[in-house]
Amino acid sequence: MREILNRGLEQMGLTAPEGAVERLEIYARLLVEQNKVMNLTAITEPEAVARLHFLDSAAVLGYLRGAGHAGGGDNTLSVACGDSSPGGGASLRGDAPGLRVIDVGTGAGFPGLVLKILEPSLSLTLLDSLGKRVKWLETVCRELGLEGVTCLHARAEEQALEPGFRDSFDAAVSRAVASLPLLTELCLPYVRPGGTFLAMKSVESGQEILSAQGAVKRLGGRLEEPVDYDVPGAGVTHRLVRVRKISNTPKGYPRKWAKIKKEPL
Ligand SMILES: C[S@@+](CC[C@H](N)C(=O)[O-])C[C@H]1O[C@@H](n2cnc3c(N)ncnc32)[C@H](O)[C@@H]1O
(Lines give C-alpha, C1' and ligand atoms only; values in the text may rest on other atoms or scores of the structure.)
Protein backbone atom coordinates (compact mmCIF):
# COMPACT_ATOMS: atom_id res chain seq x y z
CA MET A 1 0.00 0.00 0.00
CA ARG A 2 2.81 2.40 0.91
CA GLU A 3 4.35 2.13 -2.53
CA ILE A 4 1.00 2.64 -4.29
CA LEU A 5 0.26 5.71 -2.20
CA ASN A 6 3.70 7.27 -2.58
CA ARG A 7 3.71 6.75 -6.32
CA GLY A 8 0.08 7.80 -6.76
CA LEU A 9 0.47 11.00 -4.76
CA GLU A 10 3.58 11.85 -6.71
CA GLN A 11 1.73 11.32 -9.99
CA MET A 12 -0.95 13.69 -8.75
CA GLY A 13 1.65 16.31 -7.90
CA LEU A 14 0.95 16.04 -4.16
CA THR A 15 3.52 15.90 -1.39
CA ALA A 16 2.43 14.00 1.70
CA PRO A 17 3.57 15.49 5.02
CA GLU A 18 5.69 13.35 7.31
CA GLY A 19 3.77 10.41 8.76
CA ALA A 20 0.77 10.84 6.44
CA VAL A 21 1.26 7.66 4.43
CA GLU A 22 1.73 5.67 7.65
CA ARG A 23 -1.50 7.20 8.96
CA LEU A 24 -3.31 6.18 5.79
CA GLU A 25 -2.08 2.62 6.28
CA ILE A 26 -3.44 2.57 9.83
CA TYR A 27 -6.71 4.08 8.59
CA ALA A 28 -6.98 1.30 5.98
CA ARG A 29 -6.42 -1.37 8.63
CA LEU A 30 -9.06 0.15 10.93
CA LEU A 31 -11.50 0.43 8.02
CA VAL A 32 -11.14 -3.19 6.94
CA GLU A 33 -11.32 -4.44 10.55
CA GLN A 34 -14.43 -2.43 11.38
CA ASN A 35 -16.05 -3.36 8.10
CA LYS A 36 -16.38 -6.91 9.43
CA VAL A 37 -18.91 -5.71 11.99
CA MET A 38 -20.28 -2.53 10.40
CA ASN A 39 -21.18 -1.72 6.82
CA LEU A 40 -18.59 0.91 5.88
CA THR A 41 -17.37 0.04 2.40
CA ALA A 42 -17.62 -2.49 -0.40
CA ILE A 43 -13.95 -1.89 -1.17
CA THR A 44 -11.68 -3.88 1.15
CA GLU A 45 -8.76 -5.15 -0.93
CA PRO A 46 -5.71 -3.04 0.11
CA GLU A 47 -4.73 -1.88 -3.37
CA ALA A 48 -8.32 -0.87 -4.14
CA VAL A 49 -8.63 0.97 -0.82
CA ALA A 50 -5.41 2.84 -1.63
CA ARG A 51 -6.54 3.84 -5.10
CA LEU A 52 -10.34 4.12 -5.02
CA HIS A 53 -10.68 5.60 -1.55
CA PHE A 54 -7.40 7.32 -0.69
CA LEU A 55 -6.03 8.56 -4.02
CA ASP A 56 -9.52 9.39 -5.28
CA SER A 57 -10.13 11.50 -2.16
CA ALA A 58 -6.67 13.08 -2.42
CA ALA A 59 -7.56 14.42 -5.87
CA VAL A 60 -9.76 17.03 -4.19
CA LEU A 61 -6.84 18.57 -2.32
CA GLY A 62 -5.44 20.75 -5.07
CA TYR A 63 -8.88 22.25 -5.71
CA LEU A 64 -9.40 23.37 -2.12
CA ARG A 65 -6.84 26.05 -2.77
CA GLY A 66 -9.23 28.43 -4.43
CA ALA A 67 -11.27 28.36 -1.21
CA GLY A 68 -8.87 30.61 0.72
CA HIS A 69 -10.13 33.15 3.18
CA ALA A 70 -12.09 36.10 1.83
CA GLY A 71 -10.20 39.35 1.62
CA GLY A 72 -7.44 38.00 -0.59
CA GLY A 73 -3.95 39.37 -0.12
CA ASP A 74 -1.73 37.43 2.18
CA ASN A 75 -4.47 35.08 3.27
CA THR A 76 -5.53 33.81 -0.11
CA LEU A 77 -4.34 30.29 -0.75
CA SER A 78 -4.50 30.63 -4.51
CA VAL A 79 -2.10 33.55 -4.26
CA ALA A 80 0.15 31.80 -1.77
CA CYS A 81 0.37 28.64 -3.86
CA GLY A 82 0.68 30.16 -7.28
CA ASP A 83 -1.19 28.52 -10.15
CA SER A 84 -4.65 27.00 -10.07
CA SER A 85 -3.67 23.52 -11.20
CA PRO A 86 -4.21 20.60 -8.80
CA GLY A 87 -1.47 19.49 -6.51
CA GLY A 88 1.42 21.61 -7.56
CA GLY A 89 3.79 19.71 -5.29
CA ALA A 90 3.10 21.87 -2.25
CA SER A 91 0.95 21.62 0.81
CA LEU A 92 -1.85 24.17 0.81
CA ARG A 93 0.02 26.65 2.87
CA GLY A 94 2.27 25.60 5.70
CA ASP A 95 2.06 28.64 7.95
CA ALA A 96 -1.52 29.77 7.34
CA PRO A 97 -4.48 29.13 9.58
CA GLY A 98 -6.27 26.12 8.10
CA LEU A 99 -9.18 26.21 5.77
CA ARG A 100 -12.50 25.34 7.37
CA VAL A 101 -13.88 22.37 5.46
CA ILE A 102 -17.01 20.24 5.89
CA ASP A 103 -17.46 16.77 4.38
CA VAL A 104 -21.19 16.18 3.94
CA GLY A 105 -22.26 12.52 4.13
CA THR A 106 -18.73 11.45 4.92
CA GLY A 107 -19.57 7.78 5.65
CA ALA A 108 -16.26 6.13 6.53
CA GLY A 109 -14.45 9.47 6.09
CA PHE A 110 -14.23 9.99 2.34
CA PRO A 111 -12.99 12.33 1.12
CA GLY A 112 -12.65 14.45 4.29
CA LEU A 113 -10.43 12.34 6.51
CA VAL A 114 -7.93 11.69 3.73
CA LEU A 115 -7.73 15.44 3.06
CA LYS A 116 -7.03 16.09 6.74
CA ILE A 117 -4.28 13.45 6.87
CA LEU A 118 -2.65 14.96 3.80
CA GLU A 119 -3.20 18.57 4.89
CA PRO A 120 -3.14 18.69 8.72
CA SER A 121 -3.77 22.46 8.79
CA LEU A 122 -7.41 21.93 7.77
CA SER A 123 -10.11 22.53 10.32
CA LEU A 124 -12.42 19.70 9.38
CA THR A 125 -16.02 18.76 10.12
CA LEU A 126 -17.07 15.24 9.20
CA LEU A 127 -20.87 15.13 9.06
CA ASP A 128 -23.08 12.08 8.66
CA SER A 129 -26.63 11.14 9.55
CA LEU A 130 -25.61 7.65 10.69
CA GLY A 131 -24.57 7.81 14.34
CA LYS A 132 -22.52 4.62 14.51
CA ARG A 133 -20.35 5.70 11.57
CA VAL A 134 -19.70 9.03 13.27
CA LYS A 135 -18.76 7.26 16.51
CA TRP A 136 -16.32 5.06 14.61
CA LEU A 137 -14.81 8.14 12.93
CA GLU A 138 -14.20 9.64 16.38
CA THR A 139 -12.24 6.51 17.31
CA VAL A 140 -10.23 6.67 14.09
CA CYS A 141 -9.33 10.34 14.66
CA ARG A 142 -8.20 9.49 18.19
CA GLU A 143 -6.11 6.54 17.04
CA LEU A 144 -4.51 8.64 14.32
CA GLY A 145 -3.84 11.48 16.75
CA LEU A 146 -5.63 14.00 14.53
CA GLU A 147 -6.50 17.38 15.99
CA GLY A 148 -8.93 19.87 14.57
CA VAL A 149 -11.57 17.37 13.45
CA THR A 150 -15.20 17.56 14.56
CA CYS A 151 -17.26 14.42 13.95
CA LEU A 152 -20.88 15.45 13.78
CA HIS A 153 -23.94 13.23 13.82
CA ALA A 154 -26.57 15.29 12.02
CA ARG A 155 -28.66 15.56 8.91
CA ALA A 156 -27.00 17.94 6.49
CA GLU A 157 -30.16 19.86 5.63
CA GLU A 158 -30.90 20.49 9.33
CA GLN A 159 -27.39 21.36 10.50
CA ALA A 160 -26.99 23.95 7.72
CA LEU A 161 -29.69 26.06 9.37
CA GLU A 162 -27.55 26.51 12.48
CA PRO A 163 -25.51 29.68 13.05
CA GLY A 164 -21.82 28.99 12.74
CA PHE A 165 -22.53 26.47 9.99
CA ARG A 166 -24.56 28.47 7.52
CA ASP A 167 -22.56 30.53 4.96
CA SER A 168 -19.49 29.79 7.09
CA PHE A 169 -17.13 27.18 5.61
CA ASP A 170 -14.33 27.82 3.15
CA ALA A 171 -15.28 24.60 1.40
CA ALA A 172 -17.88 21.82 1.42
CA VAL A 173 -16.89 18.51 -0.14
CA SER A 174 -18.98 15.42 -0.82
CA ARG A 175 -18.81 12.06 -2.56
CA ALA A 176 -21.53 9.52 -3.35
CA VAL A 177 -24.36 11.06 -1.34
CA ALA A 178 -27.07 12.31 -3.72
CA SER A 179 -27.69 13.56 -7.24
CA LEU A 180 -26.23 17.01 -7.85
CA PRO A 181 -29.44 19.08 -7.65
CA LEU A 182 -30.22 17.54 -4.23
CA LEU A 183 -26.60 17.53 -3.10
CA THR A 184 -26.27 21.23 -3.91
CA GLU A 185 -29.06 21.99 -1.47
CA LEU A 186 -27.36 19.83 1.18
CA CYS A 187 -23.91 21.36 0.72
CA LEU A 188 -23.88 24.86 -0.76
CA PRO A 189 -25.64 26.49 2.23
CA TYR A 190 -22.57 25.70 4.37
CA VAL A 191 -20.17 27.63 2.15
CA ARG A 192 -19.31 31.28 2.76
CA PRO A 193 -19.37 33.71 -0.18
CA GLY A 194 -16.06 33.31 -2.01
CA GLY A 195 -15.73 29.69 -0.84
CA THR A 196 -16.25 26.55 -2.87
CA PHE A 197 -18.40 23.42 -3.02
CA LEU A 198 -16.66 20.42 -4.57
CA ALA A 199 -18.77 17.41 -5.56
CA MET A 200 -17.01 14.19 -6.58
CA LYS A 201 -18.91 12.70 -9.48
CA SER A 202 -18.49 10.33 -12.41
CA VAL A 203 -17.62 11.52 -15.88
CA GLU A 204 -21.19 10.62 -16.85
CA SER A 205 -22.50 13.52 -14.79
CA GLY A 206 -23.07 15.91 -17.70
CA GLN A 207 -26.87 15.76 -17.49
CA GLU A 208 -26.76 15.92 -13.70
CA ILE A 209 -24.73 19.12 -13.87
CA LEU A 210 -27.23 20.69 -16.27
CA SER A 211 -30.08 19.70 -13.95
CA ALA A 212 -28.32 21.35 -11.01
CA GLN A 213 -28.04 24.78 -12.63
CA GLY A 214 -31.28 26.01 -11.05
CA ALA A 215 -30.29 24.85 -7.57
CA VAL A 216 -26.82 26.40 -7.83
CA LYS A 217 -28.23 29.77 -8.85
CA ARG A 218 -31.06 29.75 -6.31
CA LEU A 219 -28.71 28.92 -3.43
CA GLY A 220 -26.17 31.62 -4.20
CA GLY A 221 -23.60 29.78 -6.30
CA ARG A 222 -22.00 29.76 -9.73
CA LEU A 223 -20.89 26.63 -11.57
CA GLU A 224 -17.24 26.63 -12.58
CA GLU A 225 -15.60 24.43 -15.18
CA PRO A 226 -15.67 20.80 -13.93
CA VAL A 227 -12.35 18.98 -13.76
CA ASP A 228 -11.84 15.39 -14.88
CA TYR A 229 -8.99 13.52 -13.22
CA ASP A 230 -7.48 10.05 -13.51
CA VAL A 231 -7.22 8.00 -10.34
CA PRO A 232 -3.62 6.73 -10.52
CA GLY A 233 -3.42 3.05 -11.38
CA ALA A 234 -7.18 2.50 -11.15
CA GLY A 235 -7.92 2.93 -14.84
CA VAL A 236 -10.80 5.27 -14.06
CA THR A 237 -11.47 8.93 -14.63
CA HIS A 238 -13.64 10.83 -12.18
CA ARG A 239 -15.03 14.35 -12.20
CA LEU A 240 -14.90 17.16 -9.70
CA VAL A 241 -17.88 19.49 -10.03
CA ARG A 242 -16.94 22.93 -8.72
CA VAL A 243 -19.38 25.53 -7.48
CA ARG A 244 -18.24 28.95 -6.30
CA LYS A 245 -20.41 30.60 -3.63
CA ILE A 246 -21.29 34.10 -4.75
CA SER A 247 -23.79 35.26 -2.15
CA ASN A 248 -25.36 34.03 1.07
CA THR A 249 -27.95 31.29 0.68
CA PRO A 250 -31.45 32.82 0.88
CA LYS A 251 -33.61 32.24 3.93
CA GLY A 252 -35.77 29.12 3.73
CA TYR A 253 -32.99 26.87 2.37
CA PRO A 254 -32.11 24.11 2.72
CA ARG A 255 -35.66 22.82 2.89
CA LYS A 256 -36.79 19.65 4.64
CA TRP A 257 -35.45 16.44 3.06
CA ALA A 258 -38.89 15.29 1.85
CA LYS A 259 -39.32 18.60 0.01
CA ILE A 260 -35.79 18.56 -1.43
CA LYS A 261 -36.46 15.10 -2.86
CA LYS A 262 -39.97 15.76 -4.06
CA GLU A 263 -39.31 19.15 -5.62
CA PRO A 264 -35.64 19.52 -6.55
CA LEU A 265 -34.75 23.11 -7.31
C1 LIG B 1 -22.85 6.04 -0.03
S2 LIG B 1 -22.30 6.77 1.46
C3 LIG B 1 -20.88 7.65 0.90
C4 LIG B 1 -19.91 7.85 2.00
C5 LIG B 1 -18.60 8.56 1.60
N6 LIG B 1 -18.83 9.94 1.23
C7 LIG B 1 -17.88 7.83 0.50
O8 LIG B 1 -17.75 8.37 -0.60
O9 LIG B 1 -17.46 6.69 0.73
C10 LIG B 1 -23.46 8.09 1.73
C11 LIG B 1 -23.38 8.65 3.16
O12 LIG B 1 -24.16 9.83 3.21
C13 LIG B 1 -24.88 9.86 4.42
N14 LIG B 1 -26.06 10.73 4.20
C15 LIG B 1 -27.05 10.57 3.29
N16 LIG B 1 -27.93 11.58 3.38
C17 LIG B 1 -27.49 12.41 4.37
C18 LIG B 1 -27.97 13.64 4.93
N19 LIG B 1 -29.10 14.20 4.50
N20 LIG B 1 -27.26 14.20 5.92
C21 LIG B 1 -26.12 13.63 6.37
N22 LIG B 1 -25.62 12.48 5.87
C23 LIG B 1 -26.30 11.87 4.89
C24 LIG B 1 -25.21 8.39 4.70
O25 LIG B 1 -25.47 8.13 6.06
C26 LIG B 1 -23.95 7.70 4.20
O27 LIG B 1 -23.01 7.50 5.23
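Residues numbered from 1 in each chain as written. Predicted model: local features only at pLDDT ≥ 70, side-chain atom pairs only at ≥ 80, totals over all residues. Heavy atoms only, no water.

Thoughts on the overall build of the chain
Looking only at helices and strands, the chain has twelve helices and eight strands in total. Per-residue burial for the chain yields a buried fraction of 53% across its 265 residues. A separation threshold of at least 6 residues defines the contact pool for the chain, and within that pool the share at least 24 residues apart is 69%. When the accessible surface of the chain is summed, it comes to about 11500 Å², and 50% of that surface belongs to carbon and sulfur atoms. (Helix = DSSP H or I, 4+ residues; strand = E, 2+ residues; numbered from the N terminus. Buried < 20%, exposed > 50% of the residue type's maximum accessible area, 1.4 Å probe, protein only. Contact = heavy atoms within 4.5 Å. Areas by Shrake-Rupley, 256 points an atom, 1.4 Å probe, with all protein chains shown as cover.)

A closer look at helix α9 (residues 180–187)
Most of α9 is tucked away: eight of the eight residues are buried. Of all the residues in α9, the buried ones are Leu 180, Pro 181, Leu 182, Leu 183, Thr 184, Glu 185, Leu 186 and Cys 187.

Quick look at helix α1 (residues 2–11)
Inspection of α1 places Ile 4, Leu 5, Gly 8 and Leu 9 among the buried residues, and these make up the whole buried set. One face of α1 carries all of its buried residues, which in axial projection span an arc of 120 degrees. Exposed residues on α1 whose side chains face more than 90 degrees from its buried face are Glu 3, Glu 10 and Gln 11. Buried residues along α1 sit against α2 (20–34), α3 (46–58) and α6 (112–118). Backbone geometry just after α1 places Gly 13 at a positive phi near 75 degrees. (Arc of directions from axis to C-beta.)

Section: the side chain of Glu 185
On the secondary structure map, Glu 185 appears in helix α9. When its relative accessible area of 0% is taken as the criterion, Glu 185 is described as buried. A polar contact of 2.8 Å, which involves the side chain of Glu 185, links it to the side chain of Arg 255. With residues up to four places along the chain from it excluded, the contact list for Glu 185 reads Leu 219, Tyr 253, Pro 254, Arg 255, Ile 260 and Leu 265. (Polar contact = N/O pair within 3.5 Å; in protein donor to acceptor, adjacent residues only side chain to side chain.)

Some details on the packing of aromatic side chains
A complete count under the given rule lists five aromatic pairs for this structure. Consider the rings of Phe 54 and Phe 110, whose centres lie 6.1 Å apart with planes at 50 degrees: the pair is tilted. One end of the pair, Phe 54, is in helix α3; the other, Phe 110, is in the loop between β1 (100–104) and α6, and 56 residues separate them in sequence. Given a relative accessible area of 5%, Phe 110 falls into the buried group. Both rings, one in Phe 169 and one in Tyr 190, keep their centres 6.0 Å apart while their planes meet at 75 degrees; by these two values the pair is edge-to-face. Placement of Phe 169 in strand β4 (residues 169–175) and of Tyr 190 in the loop between α9 and β5 (191–202) is noted, with a sequence separation of 21 residues between them. (Phe/Tyr/Trp six-rings, centres within 6.5 Å; stacked < 30°, edge-to-face > 60°.)

Here we look at the site of the ligand
Around the ligand sit 16 residues in total, of which Gly 105, Phe 110, Asp 128, Arg 133 and Arg 175 are the nearest. One of the side-chain N or O atoms of Arg 155 is found 3.0 Å from a nitrogen atom in the ligand. About the coverage of the ligand: the protein hides 80% of its 590 Å² of free accessible area. Looking at the shell around the ligand, the elements with two or more residues in it are β2 (123–128) and α8 (156–159). When its residues are assigned to classes, the shell around the ligand shows seven nonpolar, four polar and five charged. (Near = heavy atom within 4 Å. Nonpolar A, V, L, I, M, F, W, Y, C, P; charged D, E, K, R; others polar.)

Some details on the nonpolar core
Ranked by internal contacts, the top residues of the largest apolar core, which has 53 residues, are Tyr 27, Phe 54, Leu 64 and Trp 136. A total of seven residues in this core trace back to one element, the largest contributor, which is α2. Leaving out residues up to four positions away in the same chain, Leu 64 has contacts with Leu 99, Val 101, Leu 115, Leu 122, Ala 171, Val 173 and Leu 198. Ranked by size, the runner-up nonpolar core spans 30 residues in total, among them Phe 165, Cys 187, Phe 197 and Val 241. (Core = buried A, V, L, I, M, F, W, Y, C linked by side-chain atoms within 4.5 Å.)

A short note on the pairing of strand β3 (residues 149–153)
Across five bridges, β2 lies against β3 in parallel orientation. The residue of β3 that forms the bridge with Asp 128 is His 153. (Pairing = 2+ DSSP bridges.)

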